[in-house]
Every structure is written in C-alpha cells, then in structure tokens.
Amino acid sequence: MGLTANDLTDVIAGFLLVDKKPTELNPRTAKKNTDKRIFLSDYELRKMIIQGEKILRVPSNAIISPLSLDWIDFNGIEIIYGD
C-alpha cells in the first residue's frame, strides 16, 4: 500500500491551490468540496493510536505517509479505513 499517481497529484494540487477559493478558479462550478482527502503523518498517527492496541482506524479518504506505513508495518498494526 503506497501513494498512487492520483494521491500525489492531490497533494501537489492542494499545496498549489491553497490560497485560491473555488469561485476564483471557476465561478460556474463553484461547489463545496466535501470529499477532500486528509494527509496523515507519522506524528498524527502516533497520537491516534490507543496504547497497546494493534488496530488503527482512519478516515476512508486518508492518505498515509510512506514513513508512517513503515512504522505501521514494523509494529504489526492493522489499518481499518472507514468513517
């Protein structure tokens, strides 16, 4: 499990478009984006996990950093995607 080309595109576009509002980009298709993806780093995942648990629940639209995936694999933690 890793980042796909679409995941990388979402991350890069998020950084490039952070200062622009949807109405500035295209006024005709200005909609509220409710399916925005969340990026979870190693630090955030360590805060989310309960001490002694081997299961980590993350949102279904989460992007997990490669360093975090290594940490999760090393500790034998199971990731459950869901809301």
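Thresholds, definitions, all that
- Here, residues in each chain are numbered from 1, in the same order as that chain's written sequence.
- With the structure being a predicted model, the display of local features is reserved for residues of pLDDT at least 70 and the display and counting of side-chain atom pairs for 80 or more, all residues being used for whole-chain, interface and lining totals.
- Hydrogens and water are ignored here; the side-chain numbers use all heavy atoms of the structure.
- The helix and strand labels rest on DSSP assignments: H or I over at least four residues marks a helix, E over at least two residues marks a strand, and numbering proceeds from the N terminus.
- For the exposure calls, accessible area comes from a 1.4 Å probe over protein chains only, and a residue counts as buried if that area is under 20% of its type's maximum, exposed if over 50%, partly exposed in between.
- Residue contacts are defined here by distance: any two heavy atoms, one from each residue, within 4.5 Å place the two residues in contact.
- Every residue is assigned a pLDDT by the predictor, reflecting its confidence on a scale from 0 to 100.
- Joining through side-chain atoms within 4.5 Å is the link that ties buried Ala, Val, Leu, Ile, Met, Phe, Trp, Tyr and Cys residues into a set, and such a set is a nonpolar core.

(A) Spotlight on the overall build of the chain. When you go through the chain residue by residue, the secondary structure sums to 4 helices and 4 strands. Starting at the N terminus and ending at the C terminus, the chain contains elements arranged as α-α-β-α-β-β-α-β. Looking at the chain residue by residue over its 83 residues, the buried ones come to 20%. Counting contacts in the chain only where the partners sit at least 6 residues apart, residues at least 24 apart contribute 42% of the total.

(B) Structural detail: the side chain of Asp-42. For Asp-42, the position within the fold is in helix H3 (residues 42-48). Of the residues examined, Asp-42 reaches a relative accessible area of 15% and is grouped as buried. Residues contacting Asp-42, with those up to four places away along its chain left out, are Ser-65, Leu-67, Ser-68 and Trp-71.

(C) Quick look at the confidence of the model for the chain. Of the residues in the chain, 72% reach a pLDDT of 70 or more, and the chain-wide mean stands at 78. Element-level mean pLDDT values for the chain span from 51 in helix H2 (residues 22-25) up to 93 in strand E4 (residues 78-81).

(D) Region of the structure containing the nonpolar core. One finds Leu-40, Leu-45, Ile-49, Leu-56, Val-58, Ala-62, Ile-64, Leu-69, Trp-71, Ile-72, Ile-77 and Ile-79 forming the largest nonpolar core, which totals 12 residues. Elements that contribute at least two residues to this core include exactly strand E2 (55-58), strand E3 (62-64) and helix H4 (66-75). In terms of residue count, H4 provides more of this core than any other element does, 3 residues in total. Discounting chain neighbours no more than four positions away, the residues touching Ile-77 are Ile-49, Lys-54, Ile-55, Leu-56, Trp-71 and Ile-72.

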